[in-house]
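Residues per chain, in single letters:
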Amino acid sequence: EQEKAQNAVSKGLRDLAGRGLSASLQSALVMADVGSGEVRALVGDRDANRAGFNRAIHARRQVGSVIKPLVYLLALEHSADYSLMTRIQDEPLTLKQPDGKSWTPANYDKQSHGEVTLLEALAHSYNQATVRLGMKIGVNHLINRLTQLGVSVDVDPVPSVFLGAVELTPLEVTQIYQSVAATGFSVPLRSVIAVQTEHGDELVRYPLRMLPQPRREALAVLNYALTQVVEQGTARALPGLLGQDLTIAGKTGTTNDRRDSWFVGYTRSRVAVAWVGEDDNRPAGVTGSNAAMRIWAGLFRELPLEPVDLRMPDEAFWLWVDGDSAKLSAETCAGAIQIPFIDGSEPTELTECLAAVRHEERESFWRKIFGKKN
């Protein structure tokens, strides 16, 4: 897997140059086992033979939108107030920073999208909606959650953190997403399992340390939302790059002036993070989908793929709801979509279609008991 990862980086960067991007771009790629946290591949340079600076371990770069799922995770944990179908405003806002300057976040497409669901806002990576949601959650809660997920950050608690104004290494981002992909158990990433003598006698073994995460049901619902990033959102080109349609979870990330390209993706058994950018941090014309996602796909095309496990824990369940109104619906009703809800966050209002279906079911039940009316 290490050789395949290095080839994905080296060949991927050559292909990006052929698509018009800079020939001096650099990349890092980290892949780990979801369940055990074992690092399966780690690439820190486009050239496998170049010794020195390892970008996978040492390059601290702003992470951009790959941090956004944690904002939505925190919201989902407040299940009395939020579900994936909760509507929030994707409209302009201006916030005052601690230095007194104003900050007005804008969406990547320079458009506002009005009232959107949490699922739509995450899938399409809307900045304005994410910041509005984050302000209700609290930036300190986001920073604390990063620590709970195994990453120590030194960052000012300002609203721009909601959009990824945090510098992390690709290895640290992999640690965060291992915890998300494992839906409830954070495992410190490791590359050494045991030490043996030259004769094969074991000197020391490093045991697996599993740290339970709170609110497994919220992580499970977030997993589904991240599959929708791939199915209908900013990473929707990924299945075409892989050459197959498979349930994969992922998140693109692009930083200011298109300096950094990130893609995080995971299957049932593997989680990987790809980064692309210039070493001197100058604008590189990259986005999460036009650079890092292609590197990631170049590796996973060479691996056996398993779909993400979307089974829900006891505290969450699937429901059919109307995609527009978010009212309870039925599979046979027009516009119905199946969405996971945490217990207590599900809608209670019925669509007219579901009401009619239930009425028909009751009528059918009584006919079966008392016979057909004359």
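Being a predicted model, the structure only gives us computed values, none of them experimental.

A. Region of the structure containing the side chain of S160. Tracing the backbone shows S160 in the loop between α6 (139-148) and β8 (167-168). Residue classification places S160 among the buried residues on the basis of a relative accessible area of 16%. For S160, the residues in contact, after removing those within four places along its chain, are Q97, W103 and A165.

B. Structural context of the confidence of the model for the chain. Taken residue by residue, the chain gives an average pLDDT of 89. The fraction at 70 or more is 91%. Between the elements of the chain, mean pLDDT differs from a low of 42, seen in strand β10 (residues 194-196), to a high of 98, seen in helix α4 (residues 118-123). Contacts from residues 192-197, a stretch scored under 50 in pLDDT, to residues over four places away or in other chains number 17 contacts. Here residues 201-206 scores under 50 on pLDDT; set against residues more than four positions off or in separate chains, the count is 17 contacts.

C. Examining the environment of A23 more closely. In this structure, A23 sits in the loop between α1 (2-18) and β1 (26-33). By relative accessible area, A23 is classed as exposed at 58%. Between the C-alpha atom of A23 and that of V308, which follows or precedes it by 285 residues, the distance is 35 Å. Ignoring anything within four residues of it in the chain, the contact list for A23 reads A17 and R46.

D. Quick look at the state of the cysteines. Enumeration over the complete set of coordinates arrives at one disulfide. Disulfide pairing places C333 opposite C353 at an S-S distance of 2.0 Å. Between C333 and C353, the S-S dihedral sits near -90°, and the bridge is therefore left-handed. Placement of C333 in the loop between β16 (316-322) and β17 (336-342) and of C353 in helix α11 (residues 352-370) is noted, with a sequence separation of 20 residues between them.

E. Region of interest: the pattern of salt bridges. Taken as a whole and assessed by the stated rule, the structure comprises 16 salt bridges. In this structure, the salt-bridge partner of E1 is R270, at a minimum N-O distance of 3.1 Å. With E1 in the segment before α1 and R270 in strand β15 (residues 270-277), this pair connects stretches of sequence that are 269 residues apart. The class of R270 is buried, set by a relative accessible area of 15%. For the salt bridge of R40 with D33, the shortest nitrogen-to-oxygen distance reads 3.9 Å.

F. How the structure looks around the packing of helix α7 (residues 170-181) against helix α8 (residues 216-232). Relative to each other, α7 and α8 sit at 110°, their axes nearing to 9 Å. Taken together, α7 and α8 sit at an angle that is classed as roughly perpendicular. Contact residues: α7 offers Y177, S179, V180 and A181, while α8 offers L219, L222, N223 and L226. Across the contact of α7 with α8, the residue classes break down as six nonpolar, two polar and no charged.

G. Spatial organisation of the packing of helix α3 (residues 68-77) against helix α5 (residues 127-137). Between α3 and α5, whose axes approach to 10 Å, the crossing angle comes to 45°. Between α3 and α5, the crossing angle belongs to the class labelled oblique. In the packing of α3 onto α5, the handedness of the crossing is left-handed. Contacts between α3 and α5 pair K68, V71, Y72, L74 and A75 from the former with N127, A129, T130, L133, G134 and I137 from the latter.

H. A look at α5. Burial analysis of α5 places eight of its eleven residues in the buried class, the great majority of the element. Those residues of α5 that sit buried are N127, Q128, A129, T130, V131, L133, G134 and I137. Positive backbone phi, approximately 105°, marks G138, located one or two places after α5.

Calculation rules
- Residues numbered from 1 in each chain as written.
- Predicted model: local features only at pLDDT ≥ 70, side-chain atom pairs only at ≥ 80, totals over all residues.
- Heavy atoms only, no water.
- Helix = DSSP H or I, 4+ residues; strand = E, 2+ residues; numbered from the N terminus.
- Buried < 20%, exposed > 50% of the residue type's maximum accessible area, 1.4 Å probe, protein only.
- Contact = heavy atoms within 4.5 Å.
- pLDDT = per-residue confidence, 0-100.
- Disulfide = S-S within 2.5 Å.
- Salt bridge = Lys/Arg side-chain N within 4 Å of Asp/Glu carboxyl O.
- Axes fitted to C-alpha atoms, helices over the stretch in contact; angles between N-to-C directions.
- Parallel < 35°, antiparallel > 145°, perpendicular 65-115°, else oblique.
- Nonpolar A, V, L, I, M, F, W, Y, C, P; charged D, E, K, R; others polar.
- Left-handed = near helix turned anticlockwise from the far one by under 90°.

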